[in-house]
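So the chains spell out like this:
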Amino acid sequence: MPATDALGPVLLAHARAAIADALGLPHAPAPEDPRLSERRASFVTLTRNGELRGCIGSLSAHRPLGEDVRANAAAAALKDSRFPPLDAREFDAVRVEVSVLTAPEFLEFRDEADALSQLVPGRDGVIFFNGCQKATFLPQVWAQLPEPRAFLAALKQKARLPVDFWGPNVMIARYEVEKWKESEVPTP
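As the structure is a prediction and not an experimental result, all values here were calculated from the model.

Turning to the nonpolar core, a few remarks are in order. Counting 24 residues, the largest nonpolar core has Leu11, Ile19, Val44, Leu46, Val69, Val96 and Val98 as the members making the most contacts within it. At the level of secondary structure, the elements contributing two or more residues to this core comprise helix H1 (7-23), strand E1 (41-48), helix H2 (65-78) and strand E3 (94-101). The greatest single-element share of this core, amounting to nine residues, is contributed by H1. For Val44, the contacting residues outside a window of four places in its chain are Gly54, Cys55, Ile56, Val69, Asn72, Ala73, Ala76, Val96, Glu97 and Val98. Formed by 18 residues, the second largest nonpolar core is a distinct cluster that contains Ala115, Ala135, Leu155 and Val170.

The structure is reproduced here in structure tokens:
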């Protein structure tokens, strides 16, 4: 599915409709596509004026893609603990991005340097595991953290670990995404 595929606008429409439903706002019905019934994992990212406004997703394909996108869109709008719930007055100003993930692939590595050498900036989404602690960054985060060591350090912090943490239980997985984003709203 290349990013130019017609699925992107369908996913964006489903995400926006789910947010409208969650806010009690009217909306046009979202178009259907048979691929919405495939089990896929997705993330929905919301931005306002170019700044993050919410991001929630699934790392494993545990439900149909359409359902996953709708659930993650509503959760990104209302349940991302980093932000207050989206207000209906913000609806038109928020831009929606949908990322569909490939299945995560676990890396085999000797140490942190070996793991870092295997990461491909800009392409790899990364999941960092240490026992019950887990955090992920979508590939889009490389734009803010292009250096692998800084990227992994920030990911450790997101998992509530020190930036220099490394231990025998560390596991790292990577995935890729196909993403589609609504165009930005012109600023007055």
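Spatial ordering of the open sheet is given by E4-E7-E5-E6, a layout of four strands whose pairing is antiparallel. Of all strands in the sheet, those with a lone pairing partner are strand E4 (105-106) and strand E6 (133-137), marking the two edges. Bridge count between strand E5 (residues 125-130) and E6: five bridges; the pairing is antiparallel. Bridge pairing links Asn130 to Gln133 in E6. Contacts from helix H4 (residues 148-158) reach E5, E6 and strand E7 (170-175) within the one sheet, and its direction differs from that of E6 by about 135°.

Before going further, it helps to examine the layout of surface pockets. Here the largest pocket defines a volume of roughly 880 Å³. Forming the boundary of the largest pocket are 31 residues, of which Leu52, Cys55, Arg82, Val141 and Lys158 lie nearest the centre. Of all the secondary-structure elements, those providing two or more residues to the lining of the largest pocket are E1, strand E2 (51-57), E3, E6 and strand E8 (177-181). With five residues, the single largest contributor to the lining of the largest pocket is E2. A per-class count over the lining of the largest pocket returns twelve nonpolar, nine polar and ten charged.

Before going further, it helps to examine the packing of aromatic side chains. The full count for this structure, using the stated rule, is five aromatic pairs. A connected cluster of aromatic rings, assembled from ring pairs, spans Phe109, Phe128 and Trp166. Its guanidinium or amino end placed over the ring of Phe91, Arg16 lies 4.7 Å from that ring's centre, counting from NZ or CZ.

Before going further, it helps to examine the packing of H1 against H2. The contact between H1 and H2 brings their axes to 8 Å, and the two run at 45°. In terms of axis orientation, H1 runs oblique to H2. Here H1 and H2 pass one another in a crossing that is right-handed. For the pair H1 and H2, the contacting residues are Leu7, Leu11, His14, Ala15, Ala18, Ile19, Ala22 and Leu23 in the first and Leu65, Val69, Arg70, Ala73, Ala74, Ala77 and Leu78 in the second.

Along H4, the residues that are buried comprise Phe151, Leu152, Ala153, Ala154, Leu155 and Lys156. On its buried side, H4 packs onto helix H3 (112-118), E5, E6 and E7. By the N-cap criterion, in which a side-chain oxygen at the helix start approaches the backbone nitrogen of a residue two or three places on, H4 is capped by Glu147, the distance to Arg149 being 3.0 Å. Arg160 sits one or two positions beyond H4 and adopts a positive phi of about 65°.

Right, let's talk about the environment of Glu32 for a bit. Assignment of secondary structure puts Glu32 in the loop between H1 and E1. A residue is classified by how much of its surface remains accessible, and Glu32, at 62% relative accessible area, is exposed. Residues Glu32 and Glu105 lie 73 residues apart in sequence; the distance between their C-alpha atoms is 30 Å.

Reading the values: the criteria
- Residues numbered from 1 in each chain as written.
- Predicted model: local features only at pLDDT ≥ 70, side-chain atom pairs only at ≥ 80, totals over all residues.
- Heavy atoms only, no water.
- Core = buried A, V, L, I, M, F, W, Y, C linked by side-chain atoms within 4.5 Å.
- Buried < 20%, exposed > 50% of the residue type's maximum accessible area, 1.4 Å probe, protein only.
- Helix = DSSP H or I, 4+ residues; strand = E, 2+ residues; numbered from the N terminus.
- Contact = heavy atoms within 4.5 Å.
- Pairing = 2+ DSSP bridges.
- Axes fitted to C-alpha atoms, helices over the stretch in contact; angles between N-to-C directions.
- 1 Å grid on protein atoms, 1.4 Å probe; cavity = no way out; pocket = protein on both sides within 12 Å on 5 of 7 lines; lining within 4 Å.
- Points joined across faces, edges and corners; volume = space filled by probe spheres on them.
- Nonpolar A, V, L, I, M, F, W, Y, C, P; charged D, E, K, R; others polar.
- Phe/Tyr/Trp six-rings, centres within 6.5 Å; stacked < 30°, edge-to-face > 60°.
- Lys NZ or Arg CZ within 6 Å of the ring centre and 35° of its normal.
- Parallel < 35°, antiparallel > 145°, perpendicular 65-115°, else oblique.
- Left-handed = near helix turned anticlockwise from the far one by under 90°.
- Polar contact = N/O pair within 3.5 Å; in protein donor to acceptor, adjacent residues only side chain to side chain.

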